[in-house]
Structure formats: structure tokens, C-alpha cells
Amino acid sequence: MSLINTIQARVIGAMRYSMDGGIKGAKITLMNEADPANDNRVGHDVMTISAPYEILEQIRPYSGQLPCNLEIDTEMRVSGGKATLHAIAVRKPAHGEAKQPAAQAAKA
């Protein structure tokens, strides 16, 4: 059983890949302000999280607004003894800044 956690993050981009042998996936690149209490960091931290190949279509409606805040449902995965975040769904925040373009909203 995996625990799903919803985070709000500043998404700066996403990409997907498909390799020989049927291996497919994606990654989402996030940016967060560095913790001001940490004297060893200034500016922004950048990280990537893995995702299924299809997640790019959930982000595509916001491509003209990136970077923007999006809600991401994530699960923790352990691989090689290292815990990583894996995105399973992406959407605009209920009260946030990202808005679906009017052309896309009309289709929904």
C-alpha cells in the first residue's frame, strides 16, 4: 500500500521519454525558494520528480503559463535504497494561480 501526498509546487517544466524495449516515463522539474533559515543556500532549489509518460498531457494545458504553481499527487517510491517522489496526477490548485486556458476549459 502506498501513501498518496498532495504537494503544491512551482512547476518550471516537464518532459517525457520512450525508449526501445517499451520503457516509458516522464519527469517534472520543480523550483522552490531556498529555506531562508539555511545559511548554506540562497535563491531557489531545483528538483525533478518521476512520473508516468501520460502525465505530460495533464501539464500541457498550462504550458504557456509555466513556471506556475500546480498541485501534484505524489507517492514515495524506494529504489536502490533511495526514496524518491513519483507524480501520479497534476492539476491546477483549487484557489491557486494556474488557470486553464479558455480554449481548453471550453472542451472540458
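Residues numbered from 1 in each chain as written. Predicted model: local features only at pLDDT ≥ 70, side-chain atom pairs only at ≥ 80, totals over all residues. Heavy atoms only, no water.

**Points about the overall build of the protein**
So, point 1. Within the protein, the secondary structure is distributed over 2 helices and 5 strands.
So, point 2. Its helices and strands in sequence order give the protein the pattern β-β-β-α-β-β-α, from N to C terminus.
So, point 3. When contacts within the protein are restricted to residue pairs at least 6 apart in sequence, those whose partners lie at least 24 apart make up 52%.
So, point 4. Summing over all exposed atoms, the protein offers an accessible surface of approximately 7,200 Å²; the carbon and sulfur share of this is 52%. (Helix = DSSP H or I, 4+ residues; strand = E, 2+ residues; numbered from the N terminus. Contact = heavy atoms within 4.5 Å. Areas by Shrake-Rupley, 256 points an atom, 1.4 Å probe, with all protein chains shown as cover.)

**Here's the deal with the environment of Arg41**
So, point 1. As for its position among the elements, Arg41 is in the loop between β2 (23-33) and β3 (44-51).
So, point 2. Those residues within four positions of Arg41 in sequence are excluded, and the remaining contacts are Ala34 and Asp35.
So, point 3. At a separation of 2.7 Å, a polar atom in the side chain of Arg41 contacts the side chain of Asp45. (Polar contact = N/O pair within 3.5 Å; in protein donor to acceptor, adjacent residues only side chain to side chain.)

**Topic: the pairing of β2**
So, point 1. Where strand β1 (residues 4-19) meets β2, 9 bridges bridge the pair, whose relative direction is antiparallel. Its bridge partner being in β2, Gly13 is matched across the sheet by Thr29.
So, point 2. In this antiparallel pair of consecutive strands, β1 and β2, the connection spans 3 residues, and Gly21 shows a positive phi of 90°.
So, point 3. Bridge count for β2 against β3 is 8 bridges, and the pairing is antiparallel. Note on β3: the bridge partner recorded for Met31 is Val46. (Pairing = 2+ DSSP bridges.)

Any functional reading would require information beyond the geometric quantities listed.
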